[in-house]
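Coordinate inspection notes
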Amino acid sequence: MASLIDLRRRIRTVKNTQQITKAMKMVAAAKLRRAQDQILATRPYALELRKVTEHLAAVAAGEVEHPLLTPHEGEGDDKAASGKTLVLVVTGDKGLCGAFNAHVQRRTEQEMAALNGGGEILALGNRGADFFTHRGAPMRGARRGVFKDLSYATAQELAAEISKAYADGEYDAVYAVYNEFISVLSQRVSWERLLPIAREDVLGDEDASANGHRDYLYEPSEAEILNELLPRFVTFQIYRVLLESQAAEHAARMTAMDSATKNAGELIDTLTLQYNRSRQAEITTELIEVVSGANALEG
């Protein structure tokens, strides 16, 4: 049985830890609020930009052939038979966020296994970079500290690098695996294709009205608008992915620290009860010794 001094020391240590986890929870909650507002404000624009870009890509199919729209020979639904694929693995820079990073790493390993050695990883975030570098995975590179000062310029730099690599034929497809922010208590690992950009299937005039499709008049031409939109589209999709992952990380950390704080409270109660019982037993033993000594002197 632990001594009273050891129990007091453990209680003090757990209380200090509880203060830390509670503070981390409050910090994560504050950061989550800002990140949540940012991603909720960004989502509608990103989704509408995707819709317009894919519609333009289909309408202007005969007028423009942009490198980011052109599927390469190895790209297809059968990933095991496809050519070289670049996988953007988006993880956090720090831990203490539950299984947030582990879920992305596990999904990446599954997808890389399906590629049969035809994939390379571009790790965004310290945790993913450390994990896959240590395991000797095929790496294009790693961007550490991405979320330390996340900005649109960061997404522009990444989009320029990825778009050039795809246009030069280094890769047949580019995918991103990341945690999508659903709610404070829920994050979902997503596997999303970034390149090539999909062309929307546009129906003929007779079927368009029946299926809710509309034709639009564009000024200037569809081709000119498309050439302007495509680089911006790739940039904004990457920016959205980074924002989703950032918000999901803060939510996961807040939830993990809340659980840790509650567990610390339960442990403090258990240790306090154990301390009180040990102290009571010690006092009882001392009283018995005093009474026994007094009786011995009287006898």
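Now for a look at the structure at hand.

Conventions adopted
Residues numbered from 1 in each chain as written. Predicted model: local features only at pLDDT ≥ 70, side-chain atom pairs only at ≥ 80, totals over all residues. Heavy atoms only, no water. Phe/Tyr/Trp six-rings, centres within 6.5 Å; stacked < 30°, edge-to-face > 60°. Helix = DSSP H or I, 4+ residues; strand = E, 2+ residues; numbered from the N terminus. Buried < 20%, exposed > 50% of the residue type's maximum accessible area, 1.4 Å probe, protein only. Lys NZ or Arg CZ within 6 Å of the ring centre and 35° of its normal. Salt bridge = Lys/Arg side-chain N within 4 Å of Asp/Glu carboxyl O. Contact = heavy atoms within 4.5 Å.

Observations regarding the packing of aromatic side chains
Summed over the entire model, instances satisfying the criterion amount to 6 aromatic pairs. The interplanar angle of 50° and the centroid separation of 6.2 Å between the aromatic rings of Y152 and F236 together place this pair among those described as tilted. Of this pair, Y152 sits in helix α4 (residues 152-167) while F236 sits in helix α6 (residues 222-298), and the two are 84 residues apart along the sequence. Relative accessible area serves as the criterion here: at 28%, Y152 is assigned to the partly exposed category. Ring centres of Y175 and W191 lie 4.7 Å apart, and the angle between their planes is 15°; this geometry places the pair in the stacked category. In this pair, Y175 is assigned in strand β4 (residues 173-183) and W191 in strand β5 (residues 186-195), connecting sequence segments 16 residues apart. The same class applies to Y175 as to W191, namely buried. An aromatic cluster of three or more residues is present, and its members are Y45, Y152, F236 and Y239. Above the plane of the ring of F131 lies R135, whose end atom (NZ or CZ) is 3.7 Å from the centre.

A word on the pattern of salt bridges
Tallied over the full model, the rule gives 20 salt bridges. A salt bridge links R33 to D37, with the nearest nitrogen and oxygen atoms 3.7 Å apart. Of the two residues, R33 and D37 are both situated in helix α1 (residues 4-59); the distance of 4 residues between them amounts to about one turn of the helix. Close ionic contact of E244 with R240 constitutes a salt bridge, the shortest N to O distance being 4.0 Å. Pair noted here: E244 and R240 are both in helix α6, with a separation of 4 residues, about one helical turn. Accessibility expressed as a relative area gives 1% for E244, which makes it buried. Via salt bridges that share partners, R43, R50, E192, R240 and E244 belong to a single interconnected network.

Topic: the side chain of Q246
Of note, Q246 is situated in helix α6. We classify Q246 as buried; its relative accessible area is 12%. Q246 has contacts with A35, Q38, F147 and L150, leaving out every residue within four places of it along the chain.

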